[in-house]
Amino acid sequence: MARILIVEDEDRISSFLAKGLKAEGHVTTVVRDGRQGLDDALSGLHDLVILDIGLPGLDGFEVLDQLRSQGSKVPVIVLTARDSVTDTVSALEGGADDYMPKPFRFAELLARVRLRLRQAQADPATGVPERLDAGGVRLDLRPRRATVAGKEVDLSAREFMLTEIFMLNAGQVLSREQLLDHVWGLDFDPGSNVVDVYVGYLRKKFGAGSITTVRGMGYRFNA
Ligand code: CA
């Protein structure tokens, strides 16, 4: 299971991608604007980015350029027009790991996604911090291991992802929607209580005071 950011302004393509990747067990976030895409790609919360070139805000080349110049090594697959050799060359020179000419079959894209994720796992330098420490919890992101006061705590894949986003934002309030989006993907009914249930699980594992409910706003992981 990987967290994949899709930066694409054509809804038809992004929903096709999101649907297919979810069916493969990945969690997807879709943004339609280059500026938002850059912010999200820099957050360290995604394992891979699928980036369109023609985007409002910033175009894909600018997003890629800023992402790399700010030191992010997150794998990026660029979507290019099939007839544009120049786009493809520029994308690869600008720091893309791979490209996919449009239109494409999902199976072709999936093969590249798998390859890039495998390579990123083999390469520790993906730009994601290796360890998070907050509120007495230590999270080793590679290997994925949590310890409290030196004692290892078992976390499921979702619990780990939830802990990771909380710890990356320790001391800040995160809304249910933000947590749903990052951990489960937004297909979930926003009225679902899955976040509350999982926060309950984490409190049992990290202590009742580890996560505070902020009424009407969401949850805060206490640093
Ligand atoms: Ca576009």
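Here, the structure is the one placed above.
These remarks concern the structure in this document. (Residues numbered from 1 in each chain as written. Predicted model: local features only at pLDDT ≥ 70, side-chain atom pairs only at ≥ 80, totals over all residues. Heavy atoms only, no water.)

### Describing the overall build of the protein
Spelled out, the test is: Each helix corresponds to a stretch of at least 4 residues labelled H or I by DSSP, and each strand to a stretch of at least 2 residues labelled E; elements are numbered beginning at the N terminus. Atoms counted for the radius of gyration: C-alpha only. Globule rule: 2.2 Å times the number of residues to the power 0.38. Relative accessible area decides the class of each residue, using a 1.4 Å probe on protein chains only: under 20% of the type maximum gives buried, over 50% gives exposed, and in between gives partly exposed. Contacts: residue pairs with any heavy atoms within 4.5 Å of one another.
The number of helices and strands found in the protein is eight helices and 12 strands. Rg of the C-alpha trace for the protein: 18 Å, near the compact-globule value of 17 Å for 223 residues, within the 12% margin. Dimensions of the protein, computed from C-alpha atoms along their principal axes, come out at roughly 55 × 35 × 30 Å. Taking all 223 residues of the protein together, the buried fraction comes to 47%. Here the analysis covers contacts within the protein between residues at least 6 apart in sequence; of these, 55% occur between residues at least 24 apart.

### Side note on the pattern of salt bridges
Using the following cut-off: Take a side-chain nitrogen of Lys or Arg and a carboxyl oxygen of Asp or Glu: if they are within 4 Å of each other, that pair is a salt bridge.
Inspection of every chain in the model, using the stated rule, returns 16 salt bridges. Note that K102 and E10 form a salt bridge whose closest N and O atoms lie 3.7 Å from each other. Within this pair, whereas K102 is found in strand 5 (residues 98-102), its partner E10 is found in the loop between strand 1 (3-7) and helix 1 (11-23), the two being separated by 92 residues in sequence. Given a relative accessible area of 33%, E10 falls into the partly exposed group. K102 is the salt-bridge partner of D52, the closest N and O atoms lying 3.0 Å from each other. One end of the pair, D52, is in strand 3 (residues 48-52); the other, K102, is in strand 5, with 50 residues separating them in the sequence. Taken together, the shared-partner salt bridges in this structure form one network comprising E8, E10, R12, D52 and K102.

### A word on unusual backbone geometry
In terms of backbone geometry, most residues other than glycine have negative phi values and most peptide bonds are trans. A cis amide bond, omega -5°, links K102 with the succeeding residue P103. Mapped onto the elements, P103 comes out in the loop between strand 5 and helix 5 (106-122). Although it is not a glycine, A149 sits at a positive phi angle of roughly 50°. Position of A149 among the secondary structure elements: in the loop between strand 8 (144-148) and strand 9 (151-153).

### Some thoughts on the coordination of the calcium ion
Quick reminder of the rule: In this analysis a donor is any N, O or S atom within 2.8 Å of a metal ion (3.2 Å for sodium, potassium and calcium), and since water is not included, sites may seem incomplete.
Coordination sphere of the calcium ion, protein contribution only: D9 (OD), D52 (OD) and G54 (O), at 2.2 to 2.3 Å. Taken in sequence order, the residues that donate to the calcium ion follow the motif D-x42-D-x1-G. Here G54 lies in the loop between strand 3 and helix 3 (60-69) and D9 lies in the loop between strand 1 and helix 1, a separation of 45 residues in the sequence. Accessibility expressed as a relative area gives 44% for G54, which makes it partly exposed.

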